[in-house]
Structure formats: structure tokens, C-alpha cells
Amino acid sequence: CGVIGNGEYRATLLDLLEKNGIATEGILLDETRPTTVKTRFMATEQDHPSYQLLRLDRESRKPLGEDQIRWIIDYVDRIINSVDAVACSDYNKGMFLVNDNKQVLGVANWLLYKTKGRIPIVVAPKPANAEHFSGSSLIVPNQQEARDIVKSYGVGDDIDSVAIRVLKKLYC
């Protein structure tokens, strides 16, 4: 499930999902935010591969409200027993953020509590939110994100030792 915003890209996204047989009943509309759109400006030269010059992101990173969190939790609660696994991609766009009081708004922690290890939970977290996914079945940060999670920036820190520290820190 996820959240989309208002505007012209909402209809395009929903149409593409439906045309490709992807269920849309778990997508929540938030009228106060735009649907995230990433526009890439590419350069091309004859006899050379094209390359990206610039990417312009139209998005909102505000945390979801409590009513929105409740809607998502209720939706997941209805379907959780019919899925084989859960994948959480944290793009730091509000789905798994922390509210103004620095309290987790609930989705990540509720999901871990609700499944209690019965189904795998695979997470690609942003480092700032990684601890909210502590106890997940599998965590898949890239190398820089792993270093950020454990604040390991030393030249001598090999990626294997960084990975072990991430696993210990997040109880994966």
C-alpha cells in the first residue's frame, strides 16, 4: 500500500497500475500533497550514450497524519493474513516518518508486532528511520546507507564489519 497525492499524475499512476494488473485498493489519496514525480533531464550526443544532467523531484516529505496512519494500519490488518511477505521501501516521503513529538506514527512498529515473525518483512530503510524497523527479517540498505546507520565512516571499516554492526543494531 502507499500514498499518492492530488494532481494530473495521480490519474496517470492509477491507470498504469490498473493496466498492469496491480491492485490499487491499498493506495490512499492525500489531497494535501502532490503525487511524487521525478523528471530527468538527459543529454545525448551522437555516438555516445545518453546521461542524466539533472533530476527534478516534485514531492512532499511531510509525515502522514494520524487518520492516514489509521487507514493504512486498518488496510494492512485486513490483508496481512493473505500475503506471503511484506516489503517496505522507505523513501523518506512521509510513510514511515516520525511525528512532531518524535514518536513513531505506528506503521513500522505495528507491522512488526502484528506479524510476530510469521511472515518475512523485508525493509529498505533510510538511515534516519532504520531503527523503527528493528526486528525485521531482512534489511537491504546500500553500502552508504549501511555506513550511515551505524555511523561508520572510517577508511579501515570494511563493509563486512559494517554489515555485522547493522545486523546487531537492528536485531535482524
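Residues numbered from 1 in each chain as written. Predicted model: local features only at pLDDT ≥ 70, side-chain atom pairs only at ≥ 80, totals over all residues. Heavy atoms only, no water.

Q: Honestly, the pattern of salt bridges in this entry has me stumped. Any pointers?
A: When their charged atoms lie close together, side chains carrying opposite charge are able to pair. The final tally for this structure, using the stated rule, is 10 salt bridges. Note that lysine 126 is salt-bridged to glutamate 145, the shortest N-O span being 3.6 Å. Here glutamate 145 lies in helix α4 (residues 143-150) and lysine 126 lies in the loop between β6 (121-124) and β7 (138-139), a separation of 19 residues in the sequence. Here the salt bridges do not stand alone but share partners, grouping Lys38, Arg55, Asp57, Glu59 and Arg61 into one network. (Salt bridge = Lys/Arg side-chain N within 4 Å of Asp/Glu carboxyl O. Helix = DSSP H or I, 4+ residues; strand = E, 2+ residues; numbered from the N terminus.)

Q: What should I look at first to understand the side chain of serine 136 in this one?
A: Checked against the element boundaries, serine 136 lands in the loop between β6 and β7. Among the residues examined, serine 136 registers a relative accessible area of 2% and is labelled buried. Engagement of the side chain of serine 136 in a polar contact is seen with the backbone oxygen of phenylalanine 133, the distance being 2.6 Å. Beyond its immediate sequence surroundings of up to four residues, serine 136 is in contact with Leu112, Ile121, Val123, Tyr171 and Cys172. (Buried < 20%, exposed > 50% of the residue type's maximum accessible area, 1.4 Å probe, protein only. Polar contact = N/O pair within 3.5 Å; in protein donor to acceptor, adjacent residues only side chain to side chain. Contact = heavy atoms within 4.5 Å.)

Q: Quick question: what am I supposed to make of the layout of surface pockets here?
A: Which parts of space are left empty comes out when a probe the size of a water molecule is rolled across the atoms. If you add up the space inside the largest pocket, you get close to 1,100 Å³. Put simply, the parts of the chain that give the lining of the largest pocket at least two residues each are β1 (2-6), α1 (8-19), β2 (27-34), β3 (37-45), α2 (66-79), β5 (86-89) and α3 (107-115). Counting residues per element, the lining of the largest pocket draws most heavily on α1, which supplies 5 residues. For the lining of the largest pocket, the per-class residue count stands at 28 nonpolar, 10 polar and 4 charged. (1 Å grid on protein atoms, 1.4 Å probe; cavity = no way out; pocket = protein on both sides within 12 Å on 5 of 7 lines; lining within 4 Å. Points joined across faces, edges and corners; volume = space filled by probe spheres on them. Nonpolar A, V, L, I, M, F, W, Y, C, P; charged D, E, K, R; others polar.)

Q: Teacher, can you tell me more about the environment of leucine 138 here?
A: Take leucine 138: it is sitting in strand β7. Looking at leucine 138, the relative accessible area reads 42%, which means it is partly exposed. When the C-alpha positions of leucine 138 and alanine 128 are compared, they lie 17 Å apart, and in sequence the two are 10 residues distant. Residue contacts for leucine 138: discarding those within four places in its chain leaves Ile121, Val122 and Val123.

Q: I tried to follow α2 on my own but got confused; where do I start?
A: Every α-helical turn comprises 3.6 residues, leaving residues that sit three or four positions apart pointing alike. With 14 residues, α2 should cover 20 Å at 1.5 Å per step; its first-to-last C-alpha distance of 20 Å lies within 8% of that length. When α2 is considered as a whole, its buried residues turn out to be Gln68, Ile69, Ile72, Ile73, Tyr75 and Val76. Projected down its long axis, α2 shows its buried positions confined to an angular sector of 160 degrees, all on one face. Opposite the buried face of α2, by more than 90 degrees, sit the exposed residues Glu66, Asp67 and Arg78. (Expected span 1.5 Å × (residues − 1). Arc of directions from axis to C-beta.)

Q: Sorry, what's going on with the environment of phenylalanine 96 here?
A: As for its position among the elements, phenylalanine 96 is in the loop between β5 and α3. In the structure, phenylalanine 96 is positioned 30 residues away from lysine 126 in sequence and 9.5 Å away in space, judged by C-alpha atoms.

Q: What's the story with the sheet that holds β7 in this structure? I'm lost.
A: Pairing between the strands of a sheet comes from backbone hydrogen bonds, and it takes one of two forms, parallel or antiparallel. Read across the open sheet, the 3 strands follow the order β5-β6-β7; overall the sheet is parallel. Strands with a single pairing partner mark the edges of an open sheet, and in this sheet they are β5 and β7. Pairing between β6 and β7: 2 bridges, direction parallel. Within β7, the position partnered with valine 123 by the bridge is isoleucine 139. (Pairing = 2+ DSSP bridges.)

Q: How do you make sense of unusual backbone geometry when you look at a structure like this?
A: A negative phi angle is the norm for most residues apart from glycine, just as the trans form is the norm for most peptide bonds. In this model, aspartate 47 sits at a positive phi of 65 degrees, which is unusual for a non-glycine residue. In the Ramachandran plot, lysine 151 falls in the positive-phi region, its phi being about 50 degrees despite a non-glycine side chain. Within the fold, lysine 151 resides in the loop between α4 and α5 (159-170). What makes lysine 151 exposed here is its relative accessible area of 61%.

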